[in-house]
Amino acid sequence: MTDHIADPARGVEVLAMDRRHVFHSWSAQKKIRPLAVARAEGSWFWDFDGKRYLDFSSQMVNTNIGHQHPRVTAAIAEQAVKLSTVAPEHANEVRGEAAGRIAELAPEDMHKVFFANSGSEANENAIRMARIHTGRSKVLSFYRSFHGNTAVSAASTGDNRRWSNEYATGHVHFFGPYLFRSAFWANSEGEECARALHHLEQVIQMENPSSIAAVLMESIVGTAGVLVPPPGYLAGVRKLCDKYGIIYIADEVMCGFGRAGSWFAFEQHGVVPDLITFAKGANSGYVPISGVIISDKIAATFDDQVFPGGMTYSGHPLACASVVATIDAMKDERILENAVSVGNEVFGPGLRELARRHPVIGEVRGQAVFWGMDLVSNPETREPLVPFGASSEPMARYKTECLARGLMPSFRNSWIRVVPPCTISEAEAKEGLEILDDVLAVMDKYCGA
Ligand SMILES: Cc1ncc(COP(=O)(O)O)c(C=O)c1O
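Residues numbered from 1 in each chain as written. Predicted model: local features only at pLDDT ≥ 70, side-chain atom pairs only at ≥ 80, totals over all residues.

Caption draft 1: Main features of the site of the ligand. Neighbouring residues of the ligand: 16 residues in total, closest S118, G119, S120, V253 and M254. Ranked by residue count, the leading element in the shell around the ligand is helix α5 (residues 119-134), at 3 residues. Its residues assigned to classes, the shell around the ligand comprises 5 nonpolar, 9 polar and 2 charged. (Near = placed C-beta within 6 Å. Helix = DSSP H or I, 4+ residues; strand = E, 2+ residues; numbered from the N terminus. Nonpolar A, V, L, I, M, F, W, Y, C, P; charged D, E, K, R; others polar.)

Caption draft 2: Representation of the sheet that holds strand β5 (residues 138-142). The mixed open sheet is built from 7 strands, whose spatial order is β4-β10-β9-β8-β7-β5-β6. Two strands bound the open sheet, and with one partner strand each, they are β4 (110-116) and β6 (171-174). Strand-to-strand twist in this sheet, taken as the mean axis angle between neighbours without regard to direction, amounts to 20°. Bridge count for strand β8 (residues 247-251) against strand β9 (residues 275-278) is 3 bridges, and the pairing is parallel. From the neighbouring strand, D251 faces β9, where its bridge partner is T277. Where helix α7 (residues 189-206) meets the sheet, its contacts fall on β5, β6 and β7 (212-218), and the angle it forms with β6 comes to roughly 155°. (Pairing = 2+ DSSP bridges. Axes fitted to C-alpha atoms, helices over the stretch in contact; angles between N-to-C directions. Contact = placed C-beta atoms within 7 Å.)

Caption draft 3: Region of the structure containing the pairing of strand β11 (residues 361-367). With 6 of 7 residues buried, β11 lies mostly within the body of the structure. Judged from the 6 bridges that link them, β11 and strand β12 (residues 370-378) form a sheet pairing that is antiparallel. Residue pairing in the sheet places Q367 in a bridge with F370 of β12. Counting the residues between successive antiparallel strands, the hairpin from β11 to β12 contains 2 residues, one of them, A368, with a positive phi of roughly 50°. (Buried ≥ 20, exposed ≤ 12 C-beta atoms within 10 Å, placed from the backbone.)

Caption draft 4: Representation of the pairing of strand β1 (residues 37-41) within the structure. The pairing of β1 with strand β2 (residues 44-47) spans 4 bridges and is classified as antiparallel. Pairing of E41 across the sheet is with W44, part of β2. Joining the antiparallel neighbours β1 and β2 is a turn of 2 residues, in which G42 adopts a positive phi near 60°.

Caption draft 5: Expanded view of the environment of H171. Relative to the assigned elements, H171 resides in strand β6. Its 21 C-beta neighbours within 10 Å are what place H171 among the buried residues. With sequence-adjacent residues up to four places away left out, H171 is seen in contact with V139, A155 and S156.

Caption draft 6: Broad picture of the sheet that holds strand β14 (residues 407-408). Here we have 4 strands laid out as an open sheet, ordered β1-β2-β3-β14, and mixed in their pairing. Both outer strands of the open sheet, β1 and β14, are each paired with one neighbouring strand and no more. Relative to strand β3 (residues 52-55), β2 runs antiparallel, the two sharing 3 bridges. Across the sheet, residue W46 finds its bridge partner in β3, namely R52.

Caption draft 7: Looking closely at the nonpolar core. Judged by nonpolar contacts, the single largest core of 126 residues is most densely connected at A214, V215, I249 and L275. Per-element tally for this core: the top contributor is helix α10 (residues 317-332), with 9 residues. Viewed by domain, this core spans two of them, domain 1 (8-68 + 334-446) and domain 2 (70-332), each represented by three or more residues. Sequence-distant contacts of L275, defined by excluding residues within four places in its chain, comprise A126, M129, A130, I247, I249, V292, I294, S295 and I298. (Core = buried A, V, L, I, M, F, W, Y, C linked by C-beta atoms within 7 Å. Domains from an automatic or database assignment.)

Caption draft 8: Inspection of the packing of α7 against helix α8 (residues 233-244) at higher detail. For the pair α7 and α8, the least separation of the axes is 10 Å and the interaxial angle reads 25°. Taken as axis vectors, α7 and α8 run roughly parallel relative to one another. In the crossing of α7 with α8, the sense of the turn from one axis to the other is right-handed. Contacts between α7 and α8 involve C193, A196, L197, L200, E201 and I204 from the first element and Y233, G236, V237, L240 and Y244 from the second. Residues belonging to the contact of α7 with α8 are distributed by class as follows: 9 nonpolar, 1 polar and 1 charged. (Parallel < 35°, antiparallel > 145°, perpendicular 65-115°, else oblique. Left-handed = near helix turned anticlockwise from the far one by under 90°.)

Caption draft 9: Looking closely at helix α13 (residues 426-443). Its 18 residues give α13 an end-to-end C-alpha distance of 25 Å, which sits within 8% of 26 Å, the value for a rise of 1.5 Å per residue. Turning to α13, the residues buried within the fold contact β3, α11 (335-357), β11, β12, α12 (393-404) and β14. (Expected span 1.5 Å × (residues − 1).)

Caption draft 10: Looking closely at the domain arrangement of the chain. Along its sequence, the chain is organised into domain 1 (8-68 + 334-446) and domain 2 (70-332). Each of domain 1 and domain 2 has a C-alpha centre, and these two points are 25 Å apart. Contact residues are listed per partner, giving 30 residues for domain 1 and 27 residues for domain 2. Residue classes in the side of domain 1 that touches domain 2 are distributed as 13 nonpolar, 11 polar and 6 charged.

Caption draft 11: Geometry of α5. A rise of 1.5 Å per residue sets the reference length of α5, with its 16 residues, at 22 Å; its end C-alpha atoms lie 23 Å apart and thus fit the reference within 8%. α5 sits mainly inside the fold: 13 of its 16 residues count as buried. Following α5 by one or two positions, G135 adopts a phi angle in the positive range, close to 70°.

Caption draft 12: Examining the packing of α11 against α13 more closely. At a closest axis distance of 10 Å, the pairing of α11 and α13 adopts a crossing angle of 10°. Taken together, α11 and α13 sit at an angle that is classed as roughly parallel. Judged by residue contacts, V342, E345, V346, F347, G350 and L354 of α11 engage E426, A429, K430, L433, L436, D437 and L440 from α13. The residue makeup of the contact of α11 with α13, split by class, is 8 nonpolar, 1 polar and 4 charged.

Caption draft 13: Inspection of unusual backbone geometry at higher detail. Of note in this structure, S58 is not a glycine but carries a positive phi near 50°. Here S58 lies in helix α2 (residues 58-61). C-beta crowding within 10 Å serves as the criterion here: with 29 such atoms nearby, S58 is assigned to the buried category. Positive phi is not limited to glycine here, since V226 has a value of about 50°.

Caption draft 14: The environment of L227, seen in detail. Position of L227 among the secondary structure elements: in the loop between β7 and α8. When the C-alpha positions of L227 and G372 are compared, they lie 7.8 Å apart, and in sequence the two are 145 residues distant.

Pasting the structure below:
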């Protein structure tokens, strides 16, 4: 790892420019004080004071390959010299290669990729495809979900980021499996799975099955708590979709490309969706890109009929070059295998041990480098540590305590996520867990145990 030269004066200027001119997302502008980041490498980044942070957030859960992977940055630089932009209507070397690499990772009957620039746009366009293909309008998705920030993807989102953005119509929400806070009074994973499927079928029937275009589902719910579905749940949803002629869209924006230890998280549940949306880990966000992987039967709908959608930068060559380099490097360097082994050897046992020692942890869930914990204010009643959808002093304290110790956390509501790059070493993972142990001792004070 190369040394970082501190430049505190520049840090002050960077922050001042930001506060003067940059309008930040999801924020009240006067209430924020962003961390000024100077550089990054692997699992780490530095501020301008030279302080180093272990990135347990992967930024927005996107730097699956780590920061500044040399093969990916080199591919972007080479492509910039060769052909730095080209309209989506033209064919070019690197877009075809990127689409081919992605299709090779997908199930057999999926050969085409529609490129977009964000996870939101990917979901927006997947829903558009499903609506046109079926001639139906409604979309069903979990209450506990995040699908994006554009009109349709925001309306299909379940969590509180939907509340102020609900302009699109035809969106219905339902409860997915979440045994720790079961909506179905279930006592086992099997019961939770069966009852959640029964609930979904009732929702389908009550909403008029012939009006439902798609079920849109994160294969592992990410921002809303890292909820790994029980065995059989995704297969049960696939069956219901087939029974009622509904398109199954798997949102793999967060859980795909190694985060859960496989290229796609649904693979581990033996199901094949009709449409798959991806973004984040596909190139670790080095240049914005996302897309929809399309089954042959849906692609055929648009053989003679126009697909009414597209963006200026769809399949941008710099982004596509970074996708090709990312996938090749992830295979050559066995990065998925690393994510699985660090999950099995360090995070799984380490986080469960933390849960045994810290009453504030209600439950630990996850796999590979995709972990979530429910924080509670009362272990008996499982009362969430902070109210749903509100900013809170305890979680602000959590962030401050982590940053003070050189750990970049990831959290929302009462959920803590542990989502480092898939490339993290066992030693780095252990170092991060030790910091978490200290911070959770502080958080235990908020728990009435
Ligand atoms: C599951 C899921 N879908 C969609 C999105 C939206 O992606 P983007 O922020 O790139 O628009 C996110 C973002 O976190 C996500 O986690």
